[in-house]
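# Structural characterization, general
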Amino acid sequence: MGLNIRKLTGHFGAEILDIDLSEPMSDATFAAVSTAFDENSLILFRGQSLTPAQHIAFSSRWGELEHHVLQEYTLPDHPELFVLTNKKKDGKPLGAHKTGWHWHIDNTYMPRPSLGSQLYAREVPPEGGDTWFTSLTAAYDSLPEDLKARIADLKAVHSYAHVYALKYPDREPLSEERKAQVPDLVHPVVRTHPATGRKVLYISEYIIKQFIGMSVEESRELLDELNARATTDDLIYRHQWRVGDLICWDNRATMHFAQPYDDVNYTRLMHTTRVITDVFKGERAA
Ligand SMILES: [Fe+2]
């Protein structure tokens, strides 16, 4: 099945045209979509009109979906669908707000990190609220050889409690029960993408608390350097959302950053799902 594809940058990202995701999708078409996803690390569908159930049904083609640890921000009848918004009803937030305003890979702190995320725009502000993406395969390739050698066997501690305390001081502190659901985890810094065989710089700003065998200060310095190299202008794709856009990005090969917006004068409403199946199944030793 041939897809009508338009590349978004020279090195990653592609828009897939002429597909209505509210319609049932054949296995052959999904196989082509899945291949485009693996090859491009990010695929965009514009002009969609999806119910929560249709969004979930499409995302589920990749595998099992996460039920987010913050269940109060999921839709009542759809625990797989996490809501990002500044909207409130009767003073109560209708979703998580100020989320992901830093460079990160989704869910690296979970026992089964996310294979990919599917973010769908329902309401967008006229300015701001863009999402920036970078390719972590291109980022790895761009590193100087001495830095590649330095991180070849390095491992990092990924910590939800760490990022939560740093980035969400205005939220309720994490309960001990929730902390227990997301204990700190260790991942290699250099991974091999199971579908492409390419090496990936598997970093996540603020979520990485420390590198194993390094002090907190040394870790911070190295993470800052890796992050800066991974987010240079030539590596980034900046997506300006329109209502009806759905982006599926590969959490094994990209990092992203949610740009703030004027949340006093504008509203933004996004729905997201995350696939948690077999994230690095078949990973070869890097
Ligand atoms: Fe995110």
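Refer to the preceding data block for the structure.
Below, the discussion takes up the coordination of the iron ion. The coordination sphere of the iron ion, as far as protein atoms go, consists of His104 (NE2), Asp106 (OD) and His256 (NE2), spread over 2.1 to 2.2 Å. Counting the intervening residues between successive donors of the iron ion yields the motif H-x1-D-x149-H. Here His104 and Asp106 have matching classes, each one buried.

Take the environment of Ala161 next. Structurally, Ala161 can be placed in helix α5 (residues 160-167). Judged by its relative accessible area of 27%, Ala161 is partly exposed. Along the primary structure Ala161 and Arg178 are separated by 17 residues, whereas in three dimensions their C-alpha atoms are 9.2 Å apart. Excluding residues within four positions of it along the chain, Ala161 makes contact with Leu174 and Lys179.

Turning our eyes to something else, we now look at the nonpolar core. Judged by nonpolar contacts, the single largest core of 29 residues is most densely connected at Ile151, Val189, Leu201, Ile203, Phe211, Leu222 and Leu226. Of all the secondary structure elements, the ones that give two or more residues to this core are α3 (136-142), α4 (145-151), β13 (199-201), β14 (208-211), α7 (216-230) and β17 (254-258). Leaving out residues up to four positions away in the same chain, Leu201 has contacts with Leu136, Ala139, Tyr140, Leu143, Ile151, Val189, Leu226 and Ala230. In this structure, Leu44, Phe82, Phe133 and Met270 belong to the second largest nonpolar core, which totals 27 residues.

Strand pairing in a sheet is mediated by backbone hydrogen bonds. Such pairs are either parallel or antiparallel. Ordered by their spatial adjacency, eight strands build an open sheet running β1-β2-β3-β16-β8-β18-β5-β4, and the pairing between neighbours is mixed. What marks the edges here is a single partner per strand, and that holds for β1 (4-7) and β4 (74-75). By the bridge criterion, seven bridges tie strand β8 (residues 116-123) to strand β18 (residues 269-275) in an arrangement that is antiparallel. Across the sheet, Leu119 pairs through a bridge with Thr272, a residue of β18.

Quick look at the pattern of salt bridges now. Between side chains of opposite charge, pairing is possible as soon as their charged atoms come close. Taken as a whole, this structure holds 16 salt bridges when the rule is applied. We note a salt bridge from Asp38 to Arg252, for which the minimum N-O separation is 3.1 Å. Here the residue Asp38 occupies a position in helix α1 (residues 27-40), and Arg252 occupies one in the loop between β16 (246-250) and β17, the gap between them amounting to 214 residues. Among the residues examined, Arg252 registers a relative accessible area of 5% and is labelled buried. Salt-bridge contacts for Asp184 lead to Lys209; the nearest nitrogen and oxygen are separated by 2.6 Å. Residue Asp184 is located in the loop between α6 (176-181) and β11 (185-188), and its partner Lys209 is located in strand β14; the two are separated by 25 residues in the primary sequence.

The next thing to look at is unusual backbone geometry. The residue Ser41 is not glycine, and still its phi comes out positive at about 70°. With respect to the helices and strands, the residue Ser41 is situated in the loop between α1 and β3 (42-45). Take Ser41: its relative accessible area is 6%, and that puts it in the buried class. Non-glycine residue Tyr206 carries a positive phi angle of around 75°. For Tyr206, a relative accessible area of 23% puts it in the partly exposed group.

In terms of burial, β16 is a largely internal element, five of the five residues being buried. Residues Leu246, Cys248 and Asp250 of β16 are buried on one face, and the alternating residues Ile247 and Trp249, pointing to the opposite face, are buried as well. Two elements, β3 and β16, share four bridges in a ladder whose sense is antiparallel. Looking at the pairing, Phe45 lines up with Leu246 of β16. Here β8 pairs with β16 via five bridges, running antiparallel.

Quick notes on the rules
Residues numbered from 1 in each chain as written. Predicted model: local features only at pLDDT ≥ 70, side-chain atom pairs only at ≥ 80, totals over all residues. Heavy atoms only, no water. Donors = N, O, S within 2.8 Å, 3.2 Å for Na, K, Ca; no water. Buried < 20%, exposed > 50% of the residue type's maximum accessible area, 1.4 Å probe, protein only. Helix = DSSP H or I, 4+ residues; strand = E, 2+ residues; numbered from the N terminus. Contact = heavy atoms within 4.5 Å. Core = buried A, V, L, I, M, F, W, Y, C linked by side-chain atoms within 4.5 Å. Pairing = 2+ DSSP bridges. Salt bridge = Lys/Arg side-chain N within 4 Å of Asp/Glu carboxyl O.

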